[in-house]
Structure formats: C-alpha cells, structure tokens
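If you want the building blocks of each chain, they are given just below.
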Protein chains: 2
Amino acid sequence: MYVTRKADYAIRCVLYLAKNTGRITSVDEISNAMYVPKSFLAKILQCLMKAGIVSSTRGIKGGFQLAKEPKDISLLEVIEAIQGPSAANICAIDKRMCSLSGRCTVHPIWVKIRKKVEQELKKQNFAKLAKKR
Amino acid sequence: MYVTRKADYAIRCVLYLAKNTGRITSVDEISNAMYVPKSFLAKILQCLMKAGIVSSTRGIKGGFQLAKEPKDISLLEVIEAIQGPSAANICAIDKRMCSLSGRCTVHPIWVKIRKKVEQELKKQNFAKLAKKR
DNA sequence: TTAAATAGGACTATTTTGGTCTTATTTTAT
DNA sequence: ATAAAATAAGACCAAAATAGTCCTATTTAA
Ligand code: SF4
Ligand code: SF4
C-alpha cells in the first residue's frame, strides 16, 4: 500500500469538494486551494469521474461536484480509483503474482496486513474527514 | 509500505538461512533454493551485512550465516535494511515531506496505519517463520 | 597455485511516477 | 453570432525508481 502523489492529490481534491458541497467547483479553484498542479489535477478528476466519485459540468461556469454524499465515499475508494488495488506485497494483491505463494510462510502475513489496512481505510469517509479540524 | 522485489528476496534469503543455521551457505545455494537471481542476491547480502543481519566468510568454502539468532531478527528489520524506512504515505515517514501535514486531517490516519503495520512486522521473527509450514 | 567463493563498484534496461501540452468540445454571457 | 471560459481526451515527456547484470579484485582452502 503505497499512496502515490496522484492518489494523495485525489484525496485532497475529494476532501475539498466535500468541504464545498452544494456548488460547482472549478479545477482552478481546487488546484489553488489544495496545491495540486492544475493540468495534473484535471487528469485526476477524469479518473474520479470514471469511478463515479465526482460529476462534471462542462462549459463556462462548469466544474466538478461530488457524485455521492461525502459520508458514502471512503478513503479506500478514492485510492483505488487512482491506483487500482494495492497491498504491501504483490502476493497480497493476487497470490498468482508469486509462484512461491502456495508454500510461503510469509505470504499469509501480507494478506492479513492488507485486510487490516483496507478495513481502516474503508472506515474513513469524507464526511468525517471534512468535519475534523 | 510497499515491499520491493529486492526486499522480498532479502526476506526469502534470511528465511533460508534461518532454516539452515549452524553452517555456511553460499550465494549459489540460496539463489537456487529461493529462486533469486544470483548476482542480485549477492548485492542484497551486502546490504544485510551492513545491517548486521548476516555475516560472511570469504574464500573457497565461504558463504553466509545469520549474525544473530533467528528469533532476534524481525521482518521489519530485514525490510528496513533493504529499503530504509517506509510507510503508506510519505508524510507518515516524515511529516516535513508535505507542507500541508500541520493542518491535514488525513495525515494522522497514515501515521496510525504505519504504527500498526510496523507493530505487526516487528512481531514476526524468523524463528517463527522458519518453524511454520 | 589454482579454483571457488565473497566484495565492491560501475553500468544498464525497463517501468513507474509525476507531470505537461495541445486540440476539441461544451456552454454561458455579451 | 461569437468570444470567453470551462471540461475532455489523448499524446507526449523527463526524472526517478526498480530490477537487475557484469567486471575486477580479493580472499582462502585444498
Ligand atoms: S511473501 Fe512469499 S508469496 Fe509473497 S511474494 Fe514473497 S515469496 Fe512470494
Ligand atoms: S495526507 Fe495530508 S499531510 Fe499527508 S501527504 Fe497527503 S496532504 Fe500531505
């Protein structure tokens, strides 16, 4: 589970939108508020669109909004929208990634850790995160 | 916390040595047994030397041994010997890595996750891992 | 003295990361 | 109608990290 800059930016972005619900927010505004390079953020928002996390409005006065309630968006969901599934070791994503996984005594540890981390990340939603200060 | 191939190989290697204590084991033997490219493994063993996890004997009939008892070598220790400190997000390694960390509501989550994962990895020692089947 | 082993450093190819840029399209306001 | 401001989509790129290899030197047992 390594969170790339891209995923971290996505989290910042969703967090900003969660703090500004009920209106349309432009890439430019998010970019400035959350210190994310604008054109990179535009790409990131396209990923979040595909994942159904945000919705967009085109044209002048256009921008983005959350597609769901903040409380229904988890940290895990946003990370996976950007990076796909991840884990501390490849065999915890898919045991077929390592031919040794069948007899490896370390393998179950990675699976267990993955489970625990994902549990924690699923618990964290953006209503919670936006409220905290 | 992403375990690279290099660190995974290191773990395999230490595990093999833990299963074969009391004698000197060559790179070639470990390489064949654990499916690690030989010349890469040689490099990895140099890292493990620096970290004080293994000791070497040069010359013909030379090779490697664990420098400590298997029960005193943790998974975390081996991973850090290869990769240095790691975490799910950069700010959990060093909060100065992100200028937002002071006011970021997500930051504490990464710190908490890191703590939990490292706790788990510290609990796992190579006596335990070598015994398991 | 030779063969087999580690020590160490230089080197390299590929993949991933972290972006940018350009062109097209949409929509509102004048 | 048209200009301005916004997203959409894809091509492109540089730098860093990853996953190694290779070569030379040194050590040491037989
Ligand atoms: S932990 Fe075991 S199964 Fe997982 S990648 Fe490493 S060797 Fe393979
Ligand atoms: S979680 Fe917050 S502090 Fe950590 S890197 Fe992301 S923005 Fe920075």
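Criteria and thresholds
- Residues numbered from 1 in each chain as written.
- Chains lettered and ligands numbered in written order.
- Predicted model: local features only at pLDDT ≥ 70, side-chain atom pairs only at ≥ 80, totals over all residues.
- Heavy atoms only, no water.
- Near = heavy atom within 4 Å.
- Helix = DSSP H or I, 4+ residues; strand = E, 2+ residues; numbered from the N terminus.
- Contact = heavy atoms within 4.5 Å.
- Least-squares fit on C-alpha atoms with pLDDT ≥ 70 in both.
- Polar contact = N/O pair within 3.5 Å; in protein donor to acceptor, adjacent residues only side chain to side chain.
- Nonpolar A, V, L, I, M, F, W, Y, C, P; charged D, E, K, R; others polar.
- Buried < 20%, exposed > 50% of the residue type's maximum accessible area, 1.4 Å probe, protein only.
- Arc of directions from axis to C-beta.
- Core = buried A, V, L, I, M, F, W, Y, C linked by side-chain atoms within 4.5 Å.
- Buried area = accessible area lost by both parts, 1.4 Å probe.
- Salt bridge = Lys/Arg side-chain N within 4 Å of Asp/Glu carboxyl O.
- Phe/Tyr/Trp six-rings, centres within 6.5 Å; stacked < 30°, edge-to-face > 60°.
- Pairing = 2+ DSSP bridges.
- Axes fitted to C-alpha atoms, helices over the stretch in contact; angles between N-to-C directions.
- Parallel < 35°, antiparallel > 145°, perpendicular 65-115°, else oblique.

Visitor: Give me the lowdown on the site of ligand 2, citing residues and values where you can.
Guide: Taken together, the neighbourhood of ligand 2 is formed by Arg 5, Asp 8 and Arg 12 of chain A together with Asn 89, Cys 91, Cys 98, Leu 100, Ser 101, Cys 104, Val 106, His 107 and Trp 110 of chain B. Going through the elements one at a time, α1 (5-19) of chain A together with α6 (107-123) of chain B are the ones with two or more residues in the shell around ligand 2.

Visitor: Explain the environment of Ala 67 of chain A to me, using residue names and the numbers behind them.
Guide: Residues and elements named next belong to chain A. Inspection of the secondary structure assignment puts Ala 67 in the loop between β2 (63-66) and α4 (75-83). Taking the C-alpha atoms as reference points, Ala 67 and Asn 20, 47 residues apart in sequence, are found 13 Å from one another. What Ala 67 contacts, discounting residues up to four positions off in sequence, is Gly 52, Ile 53, Val 54 and Ser 55.

Visitor: I'd like a description of the relation of the copies chain A and chain B, backed by residues and values.
Guide: With an axial shift of 0.0 Å and an RMSD of 0.0 Å, the rotation relating chain A to chain B amounts to 180°. Such a combination of turn and shift is consistent with a two-fold rotation axis. Counting the interface residues of chain A, we find that 100% of their copies in chain B are interface residues as well, pointing to one common contact surface.

Visitor: Run through the protein's contact with DNA strand D, naming residues and quoting values.
Guide: Around DNA strand D there are 22 residues in total, and Val 27, Lys 43 and Ser 56 of chain A together with Tyr 9 and Ser 39 of chain B lie nearest to it. Restricting attention to atoms of DNA strand D within 4 Å of the protein, one finds that 68% of them are sugar or phosphate atoms. A distance of 3.0 Å separates a base nitrogen of DNA strand D from a polar atom in the side chain of Gln 46 of chain A. When the residues that make up the surface near DNA strand D are grouped by side-chain class, the tally is seven nonpolar, 10 polar and five charged.

Visitor: Tell me about helix α2 (residues 27-34) of chain B, residues and numbers included.
Guide: Residues and elements named next belong to chain B. Restricting attention to buried positions, one finds in α2 the residues Val 27, Ile 30, Ser 31 and Met 34. Down the axis, α2 shows its buried residues gathered within 100° of arc, on one side only. Elements in contact with the buried residues of α2: α1 (5-19), α3 (38-50) and β2 (63-66).

Visitor: Go over the nonpolar core, please, and point to the residues and values.
Guide: With 88 residues, the main nonpolar core has Leu 48 and Trp 110 of chain A together with Leu 48 and Trp 110 of chain B as its most contacted residues. The contacts of Leu 48 of chain A, once residues within four sequence positions are left out, are Ala 10, Cys 13, Val 14, Ile 53, Val 54, Val 78, Ala 81 and Ile 82 of chain A.

Visitor: Which residues make up the site of ligand 1, and what values go with them?
Guide: Neighbouring ligand 1 are Asn 89, Cys 91, Cys 98, Leu 100, Ser 101, Cys 104, Val 106, His 107 and Trp 110 of chain A together with Arg 5, Asp 8 and Arg 12 of chain B. Those residues lying near ligand 1 are distributed over chains A and B. Those elements that provide at least two residues to the shell around ligand 1 are α6 (107-123) of chain A together with α1 of chain B. Looking at which element gives the most residues to the shell around ligand 1, the answer is α1 of chain B, with three residues.

Visitor: Could you give me a rundown of the interface of chain A and chain B, with the residues and numbers involved?
Guide: Taken together, the contact pairs 35 residues of chain A with 35 residues of chain B. In this assembly, chain A packs against chain B so that about 2800 Å² is buried in total across both faces, 65% of it on carbon and sulfur atoms. Interface area lost by chain A to chain B is led by Tyr 2, Thr 105 and Ile 109 of chain A, which between them contribute 19%. Linking chain A with chain B are two salt bridges.

Visitor: Any details on the packing of aromatic side chains? Residues and values, ideally.
Guide: All names here are of chain A. According to the stated counting rule, one finds two aromatic pairs over all chains in the structure shown. Each ring, one from Tyr 9 and one from Phe 40, has its centre 5.8 Å from the other, and the planes form 90°; the classification is edge-to-face. Here Phe 40 lies in helix α3 (residues 38-50) and Tyr 9 lies in helix α1, a separation of 31 residues in the sequence. Residue Tyr 9 is classed as buried on the basis of its relative accessible area of 14%. Phe 40 sits in the partly exposed class, given a relative accessible area of 31%.

Visitor: Provide a residue-level description of the pairing of strand β1 (residues 54-57) of chain B, including the pertinent values.
Guide: Residues and elements named next belong to chain B. Where β1 lies against β2, four bridges are found, and the strand directions are antiparallel. Across the sheet, residue Ser 55 finds its bridge partner in β2, namely Gln 65. Hairpin geometry of β1 and β2 is characterised by an intervening segment of five residues between the two adjacent antiparallel strands and by a positive phi of about 80° at Gly 59.

Visitor: Account for the packing of α4 of chain A against α6 of chain A, naming residues and giving values.
Guide: Residue and element names in this part refer to chain A. At their nearest, the axes of α4 and α6 sit 6 Å apart, and the two run at 110° to each other. The angle between α4 and α6 falls in the class roughly perpendicular. Across from Leu 75, Leu 76, Ile 79 and Glu 80 in α4, the residues of α6 making contact are Arg 114, Glu 118, Leu 121 and Lys 122. Partitioning the contact of α4 with α6 into residue classes produces four nonpolar, no polar and four charged.

All we've got here are geometric facts, nothing functional implied.
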